[in-house]
Amino acid sequence: MEKSILTIAVLALFAIGFVSSDEDENTSNQNTETSIQTEEEKESMSESEVKESSMTPKEQEMANAGYKKGTMFGMAGASNEEFSNMLDLADLVDGMDDKVKEMFEQMAEDEYDKEYHAPTNAEEEKLKIIYIENFIKGMNETMDAMDNLEKIGGNRR
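Remember, predicted model here, so these are calculated numbers, not experimental data.

A count of helical and extended segments in the protein gives 5 helices and 0 strands. The buried share among the 157 residues of the protein stands at 22%. For the protein, the exposed area adds up to about 11500 Å²; of that, 56% sits on carbon and sulfur atoms.

Put into C-alpha cells, the structure is as follows:
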C-alpha cells in the first residue's frame, strides 16, 4: 500500500514537472513571437510616422478621414459573406487582384466625391489621392483583422 502511494506521488510530481516545463516553453515561444511582432510593428509604425510627419494638417485630416471611412467599408465587406467569398476567389484567379484594387479605388473615389466633391485643382487632387490610399489601407486592414478574428473563433458579424 505504501509503495502504491509513493508511486502515485512520484508520478504526480513528474506530471507536474512536465506540465510546468510545457508552460515555460509556451511562455518563451509566446514571448519570442511577441518580441518579433513588436519589432515588426515598430518598423511599420516608424515608416507611417515618417509619412505622417511630412503631411500638412489638411493632408493628415484627409488621411484620417479616408482611413476611417475605409474601416467602415471593411467592416461591412467582411461581414458580407458573398463579398468575402468574391475576394477569396479573386485571390485565386490570376489578374483579378488588379480588378479588386480598381474596384476599391472606385469605391474610395466615389466616397470622396460624395463627401468633398470632385477636385478642382492640384491640391485637392493630392488630397483625394491621400484619401483613397488611406481608405484602401483602412478597408484592407479591417477585413484582415476580422478574418483573423473569425479564424480564432470570433464572429465577424
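Okay, the environment of Glu111 next. Within the element layout of this structure, Glu111 appears in helix H4 (residues 96-116). Each C-alpha atom of the pair Glu111 and Gly66 lies 8.9 Å from the other, and the pair is 45 residues apart in sequence. The contact partners of Glu111, leaving out residues within four places of it in the chain, are Lys69, Phe73, Tyr131 and Phe135. For Glu111, the side chain forms a polar contact with the side chain of Lys114, separated by 3.1 Å.

Further remarks concern the nonpolar core. In this structure, Phe83, Leu87, Phe104, Phe135, Met139 and Met143 are the most contacted members of the largest nonpolar core, which totals 18 residues. Where this core is concerned, the elements lending two or more residues are helix H2 (57-79), helix H3 (81-92), H4 and helix H5 (122-151). Among the elements that make up this core, the one with the highest residue count is H5 (8 residues). Excluding anything up to four places from it in sequence, Phe83 contacts Gly77, Met103, Phe104, Met139 and Met143.

To continue, consider the pattern of salt bridges. What the rule picks out here adds up to 6 salt bridges. Among the ionic pairs, Glu111 bridges to Lys69, the shortest N-O distance being 3.7 Å. On the criterion of sequence distance, the pair formed by Glu111 in helix H4 and Lys69 in helix H2 is long-range, its members being 42 residues apart. Relative accessible area serves as the criterion here: at 11%, Glu111 is assigned to the buried category. Between Lys128 and Asp113 there is a salt bridge, with the nearest N and O atoms lying 3.1 Å from each other. In this pair, Lys128 is assigned in helix H5 and Asp113 in helix H4, connecting sequence segments 15 residues apart. Here Asp113 falls in the partly exposed class, since its relative accessible area comes to 27%. Linked through salt bridges whose partners overlap, the residues forming this network are Lys69, Glu111 and Lys114.

Our focus in this paragraph is the confidence of the model for the protein. In this model, the protein carries a mean pLDDT of 77, and residues with pLDDT of at least 70 account for 64%. No element of the protein has a lower mean pLDDT than helix H1 (residues 2-53), at 51, and none a higher one than H2, at 95. Note that pLDDT drops below 50 for residues 9-15; the model gives that stretch 0 contacts with residues more than four away or on any other chain.

So, about H5. An α-helical segment advances 3.6 residues per turn. Residues three or four places apart therefore align on the same side. Here H5 is 30 residues long and its end C-alpha atoms lie 44 Å apart, about the 44 Å a rise of 1.5 Å per residue gives. One side-chain oxygen of the residue at the start of H5 lies 3.1 Å from the amide nitrogen of Glu123, identifying that residue as Asn121. Directly beyond the C-terminal end of H5, a positive phi value near 105° is found at Gly153.

We now examine a negative patch on the surface. Together, Asp88, Asp91, Asp94, Asp97, Asp98 and Glu102 make up a negatively charged patch on the protein surface. For the negative patch, the secondary-structure elements that each account for two or more residues are H3 and H4. In terms of residue count, H4 provides more of the negative patch than any other element does, 3 residues in total. By the secondary structure assignment, Asp97 is in helix H4. Its relative accessible area of 47% is what places Asp97 among the partly exposed residues.

Cut-offs used in this document
Residues numbered from 1 in each chain as written. Predicted model: local features only at pLDDT ≥ 70, side-chain atom pairs only at ≥ 80, totals over all residues. Heavy atoms only, no water. Helix = DSSP H or I, 4+ residues; strand = E, 2+ residues; numbered from the N terminus. Buried < 20%, exposed > 50% of the residue type's maximum accessible area, 1.4 Å probe, protein only. Areas by Shrake-Rupley, 256 points an atom, 1.4 Å probe, with all protein chains shown as cover. Contact = heavy atoms within 4.5 Å. Polar contact = N/O pair within 3.5 Å; in protein donor to acceptor, adjacent residues only side chain to side chain. Core = buried A, V, L, I, M, F, W, Y, C linked by side-chain atoms within 4.5 Å. Salt bridge = Lys/Arg side-chain N within 4 Å of Asp/Glu carboxyl O. pLDDT = per-residue confidence, 0-100. Expected span 1.5 Å × (residues − 1). Patch = residues over 30% accessible without salt bridge, like charges linked within 9 Å, V, L, I, M, F, W, Y side chains within 5 Å. Lys, Arg positive; Asp, Glu negative; His and termini not counted. Charge placed at Lys NZ, Arg CZ, Asp CG, Glu CD.

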